[in-house]
Amino acid sequence: MAHVGVPRGTARKRRSVALLATGVLTLPVLAGCTSGSEGPTSVAVPQDIAPASRDQVTEGSSLTWAIDAVPATLNAFQADADSATTRITGALLPSLFPMDAQGEPRLNPDYLESAKVIEQEPRQVVLYKLNQQAVWSDGREIGAPDFVAQWRALSGKDSAFWTARNAGYERIEKIERGKDDLQVRVTFSKPYADWRSLFSPLYPKEVTGSPGTFNDGARSALKNTAGPFRLRGVDKDEGTVVLDRNPRWWGDEAKLESLVFRAVEPAKRTEALTEGTVDVADVDAATADSIARAARYSSGNGGPPAHGPGADITPAAALRSWALAHGSDEEAAETAQAAREKNREAIATYAAEQKSLRGFAVRKSLEPAYTQLALNGESGPLSDERVRRAIARTLDRQELADTVLKPLGLPARPPGSHLALAGQPGYKDGSGALGERDTKEARALLADAGWTPGGALRKTEGTEAGSEAEEKKATEEKSEEKSEEKSEEKSEEKKATEEKSGQEKSGKAAEAEKDDKASREEGTYIVGDDKPGDRPAGDAEITAQDKQPGGAAGAYAPAGTAAPAPASLKDRLGKGGKPLTLRFVLPSGPGSQALRTVGQKIVAMLDSIGISTQITKVDDDSYFTDHIASGDYDMALYSWPATAYPATDGRPIYAKPEPATDGSLLVEQNYTRVGSDHIDQLFDRAVSELDADASRDLLKQADARIWAAAGSIPLYQRPQLVAVDKKLANVGAFGFAAPRYEDIGFTGRQAAGSPANRKK
């Protein structure tokens, strides 16, 4: 299923020093708090990869795997690295501690015999003992020079290296050869709990040894690799990256002879599967449904097909068509015969497509990533923590998770942590720091912040909260007295004239507004309006739903008489004559339908307590860079990937923004602009704590405060749907775990797809 998330290259920047809102949260009740419970809820959804032992997988053959696009770079430490970079380099380069099925880093015996902290005082020292068989594809041993070169490139001390990811490397003081070439001693200048995150992937010193080769040499070529596969070539015109077996690989030999990554846009995945041009592809719910329907498709035996062309033709209609085609009316017969032939061709084409899709299965799990509602706390109403907390406590997170996951047959439990997902060792539900859904409490929080029902009216009757109402009171009373005096002086003739004029003007205004709306790009919708874009955000006077036939409410009253308050504004929350209206930015692409569905449900939930929401739909390509990262939104939906190293990767996401010299905010990756000094301190302590349990406890405290700050509200773990040739084993929805590329292969001789159309 396609979802808009933080671009993978951006996510990788999380292990970096800062390149790029309020004060400390007042949370006395949270001291030492890690609310929630562990136990049976902390269970990961199992991966779905059709596991098979290696002796059941045949030797040879080629597999084609769909990716969104040919990666701009094969250097995973550069800013434009993406998910395709990660997928491809995973088959080519050493990963010392890949994630297992529980989302925990595990030592990779193909590269390491052991790796552990051997000293903590006066400095932390980690000793790596390398697998003596581990060599680069040119025959050179993997050793200390490769570790040293990568450290120097990523330490941040030499700006000539264009890197976007160096957290952890800047803590290294020195790297030395151990007792022999197979031992590497890494000494840290200050403790680093996430030391296992380093040197994965590990590049050869030929890549990391100089700025030139690091910046440009590994973008489209990797001459030296050390994985079960090696890079044969990158063809951007054809949209392919081709790997073949690495003859120097010392581990289990790859079952596949070659592995082809082909660029296929998500919207074209169904077509690619039908034509047999790919064997593995991440798909959305619509494609998954097409594959499921193909399994139920049948034609022949004299009956109509289950679905598709011809499925709606009844026996009576078929008989009538035959009779017309063979009747005495030659013109009618010719027309009927042409229609029958066209229908036969459509049925045959559709049947062939269904036959192709029946060769695929949809393997599904939960992706190691969660989708959140982000509340931009930089300015406006959401800069008030009470408003953010009210919104969070209005949401029915269970309903939102059910909307996305239940139709797919996946568990739908809302995430209870920002820093770990269910099944990971550090997971604990900390959402109790915010509180359960409670619309009554939400209204109380909003009232305390000055947002009250009827507060959107310019002229209130004691419903405005705060000092603004008091300041306006005297001025408003004088204005009302003058209006009444002026009204009494009006003649009946004047009234009639104004009444007629009001009707004409109202009609013309409505027509003008209608024409203006039609000429605008459809992209704005304010909840409660009859149509998208009928009024600009923040218009507190007459809204679309307030317009009555023949003119606006009060059009027939004597001039100077205050119009009755629109019913909608009486129900809307406001302050000082301004409604509480929030701009909700959503992506408009076909692959983002799930986000829009969730967004509409959120709008309805907020509407139930009187919060107006203006929806703005933008192109998927600009959604993140032009809106999320730049802060051009009030509310938005996007995702963060899970990590085995939350102390390192989580800090820049939730770090307190700092003011820059030009007056802007340095936000790192905290796109909600909500943070505190206390949260930062907890992260800093956790990343320096070498006791794993103590580090996790600190992270749970940080998570409780992130919940309480209500800048990020996790809604659901993203679904992972992968269409896979039924004959393939050990590939599919991997969940947390990294693929073992050498074990992937076919259990039968021939791949699925359409044999007649298969294009390999």
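## Concerning the overall build of the protein
Right, so step 1: Looking only at helices and strands, one finds 21 helices and 24 strands in the protein.
Right, so step 2: Here the protein holds 760 residues, and the buried ones make up 50% of them.

## Here we look at the sheet that holds strand β4 (residues 172-177)
Right, so step 1: Overall, antiparallel pairing links the four strands, which are arranged β2-β3-β5-β4 in an open sheet. Each having just a single partner strand, β2 (112-119) and β4 make up the two edges of the open sheet. Adjacent strand axes in the sheet meet at a mean angle of 15°, parallel and antiparallel pairs treated alike.
Right, so step 2: As judged from the six bridges shared by β2 and strand β3 (residues 125-130), these two strands associate in the antiparallel manner. Bridge pairing links S114 to K129 in β3.
Right, so step 3: In this fold helix α3 (residues 144-154) packs onto β3, β4 and β5 (183-188), with an angle of close to 160° to the strand it touches most, β4.

## Brief notes about a negative patch on the surface
Right, so step 1: Where like charges cluster on the molecular surface, the negative patch consists of D329, E330, E331 and E334.
Right, so step 2: Position of E331 relative to the elements: it lies in helix α9 (residues 330-357).
Right, so step 3: With relative accessibility at 62%, the residue E331 sits in the exposed group.

## Thoughts on the pattern of salt bridges
Right, so step 1: Enumeration over the complete set of coordinates arrives at 33 salt bridges.
Right, so step 2: With its nearest N and O atoms 2.9 Å apart, the salt bridge here joins D146 to R140.
Right, so step 3: D684 is the salt-bridge partner of R651, the closest N and O atoms lying 2.7 Å from each other. Pair noted here: R651 is in helix α19 (residues 651-654) and D684 is in helix α20 (residues 677-687), with a separation of 33 residues, a long-range link.

## Structural notes on the nonpolar core
Soluble globular proteins tend to pack their nonpolar side chains together in the buried interior.
Right, so step 1: Within the largest apolar cluster, 162 residues are counted, with the highest numbers of intra-cluster contacts made by Y128, F199 and L373.
Right, so step 2: It is strand β22 (residues 712-725) that contributes the most residues to this core, seven residues altogether.
Right, so step 3: Excluding its chain neighbours within four sequence positions, the residues that come into contact with F199 are P94, L96, Y128, F147, Q150, W151, Y169, I172, I175 and V186.

## Some details on the environment of E334
Right, so step 1: Locating E334 in the fold gives a position in helix α9.
Right, so step 2: E334 gets classed as exposed once you look at its relative accessible area, which sits at 59%.
Right, so step 3: Along the primary structure E334 and L324 are separated by ten residues, whereas in three dimensions their C-alpha atoms are 8.7 Å apart.

## Concerning the packing of α20 against helix α21 (residues 692-709)
Right, so step 1: Relative to each other, α20 and α21 sit at 165°, their axes nearing to 8 Å. Judged by the angle between their axes, α20 and α21 are roughly antiparallel. Considering how the two elements wind past one another, α20 and α21 form a crossing that is left-handed. On α21, the residues touching H678, I679, L682, F683, R685 and A686 of α20 are S695, L698, L699, Q701, A702, R705 and I706.
Right, so step 2: Taken together, the residues of the contact of α20 with α21 break down into eight nonpolar, three polar and two charged.

## Comments concerning the sheet that holds strand β16 (residues 578-579)
Right, so step 1: In spatial order, the strands read β11-β15-β16; together these three strands make up an open sheet with antiparallel pairing. Unpaired on one side and paired on the other, β11 (452-453) and β16 mark the two borders of the sheet.

## Overview of the pairing of strand β8 (residues 258-263)
Right, so step 1: Examined bridge by bridge, strand β1 (residues 62-67) and β8 share six bridges and lie parallel to one another. When the bridges of β8 are listed, I67 appears paired with A263.
Right, so step 2: As defined by bridge partners, strand β7 (residues 240-245) adjoins β8 across five bridges and the pair is classed as antiparallel. Bridging from a neighbouring strand, V242 pairs with V260 of β8.

## Topic: the confidence of the model for the protein
Right, so step 1: For the protein, the mean per-residue pLDDT works out to 81, and 74% of the residues sit at or above 70.
Right, so step 2: Confidence over residues 459-502 falls short of pLDDT 50; this stretch has 34 contacts with residues more than four positions distant or in other chains.
Right, so step 3: Across residues 750-760, confidence stays below pLDDT 50; counting only partners more than four residues off in sequence or on other chains, it has 30 contacts.

## A few points about the side chain of T85
Right, so step 1: Considering the arrangement of structural elements, one finds T85 in helix α2 (residues 83-92).
Right, so step 2: Looking at T85, its side chain comes within polar contact range of the main-chain oxygen of T73, at 2.9 Å.
Right, so step 3: Not counting the four nearest positions on each side in its chain, T85 is found in contact with P71, T73, L74, N75 and A76.

## Observations concerning the packing of aromatic side chains
Right, so step 1: Evaluation of the coordinates by the stated rule reveals 20 aromatic pairs.
Right, so step 2: On the basis of an interplanar angle of 90° and a centroid distance of 5.5 Å, the ring pair of Y169 and F199 is categorised as edge-to-face. Linking Y169 in the loop between α3 and β4 with F199 in the loop between β5 and α4 (205-208), this pair joins segments that are 30 residues apart in sequence. Considered together, Y169 and F199 belong to a single accessibility category, that of buried residues.
Right, so step 3: Three or more aromatic residues joined by ring pairs form one cluster here, namely F77, F97, Y128, F147, Y169, W195, F199 and Y203.
Right, so step 4: The cationic tip of R196 hangs over the ring face of F97; the distance from NZ or CZ to the ring centre is 6.0 Å.

## With respect to helix α16 (residues 593-607)
Along an α-helix, residues three or four positions apart point the same way, because every turn accommodates 3.6 residues.
Right, so step 1: Taking 1.5 Å per residue as the helical rise, α16 with its 15 residues ought to reach 21 Å, and the 21 Å between its terminal C-alpha atoms agrees with that figure.
Right, so step 2: Inspection of α16 places A594, L595, R596, V598, G599, I602, V603, M605 and L606 among the buried residues, and these make up the whole buried set.

## Let's talk about α20
Right, so step 1: Regarding α20, the residues found buried are I679, D680, L682, F683, A686 and V687. Relative to the axis of α20, the buried residues are bounded by an arc of 160° and lie together on one face.
Right, so step 2: For α20, the elements touching its buried residues are α18 (646-649), α19 and α21.

## Description of the environment of G591
Right, so step 1: For G591, the location among the structural elements is in the loop between β17 (581-587) and α16.
Right, so step 2: Separated by 29 residues in the primary sequence, G591 and D620 have C-alpha atoms spaced 8.9 Å apart.

Conventions and cut-offs
Residues numbered from 1 in each chain as written. Predicted model: local features only at pLDDT ≥ 70, side-chain atom pairs only at ≥ 80, totals over all residues. Heavy atoms only, no water. Helix = DSSP H or I, 4+ residues; strand = E, 2+ residues; numbered from the N terminus. Buried < 20%, exposed > 50% of the residue type's maximum accessible area, 1.4 Å probe, protein only. Pairing = 2+ DSSP bridges. Axes fitted to C-alpha atoms, helices over the stretch in contact; angles between N-to-C directions. Contact = heavy atoms within 4.5 Å. Patch = residues over 30% accessible without salt bridge, like charges linked within 9 Å, V, L, I, M, F, W, Y side chains within 5 Å. Areas by Shrake-Rupley, 256 points an atom, 1.4 Å probe, with all protein chains shown as cover. Salt bridge = Lys/Arg side-chain N within 4 Å of Asp/Glu carboxyl O. Lys, Arg positive; Asp, Glu negative; His and termini not counted. Charge placed at Lys NZ, Arg CZ, Asp CG, Glu CD. Core = buried A, V, L, I, M, F, W, Y, C linked by side-chain atoms within 4.5 Å. Parallel < 35°, antiparallel > 145°, perpendicular 65-115°, else oblique. Left-handed = near helix turned anticlockwise from the far one by under 90°. Nonpolar A, V, L, I, M, F, W, Y, C, P; charged D, E, K, R; others polar. pLDDT = per-residue confidence, 0-100. Polar contact = N/O pair within 3.5 Å; in protein donor to acceptor, adjacent residues only side chain to side chain. Phe/Tyr/Trp six-rings, centres within 6.5 Å; stacked < 30°, edge-to-face > 60°. Lys NZ or Arg CZ within 6 Å of the ring centre and 35° of its normal. Expected span 1.5 Å × (residues − 1). Arc of directions from axis to C-beta.

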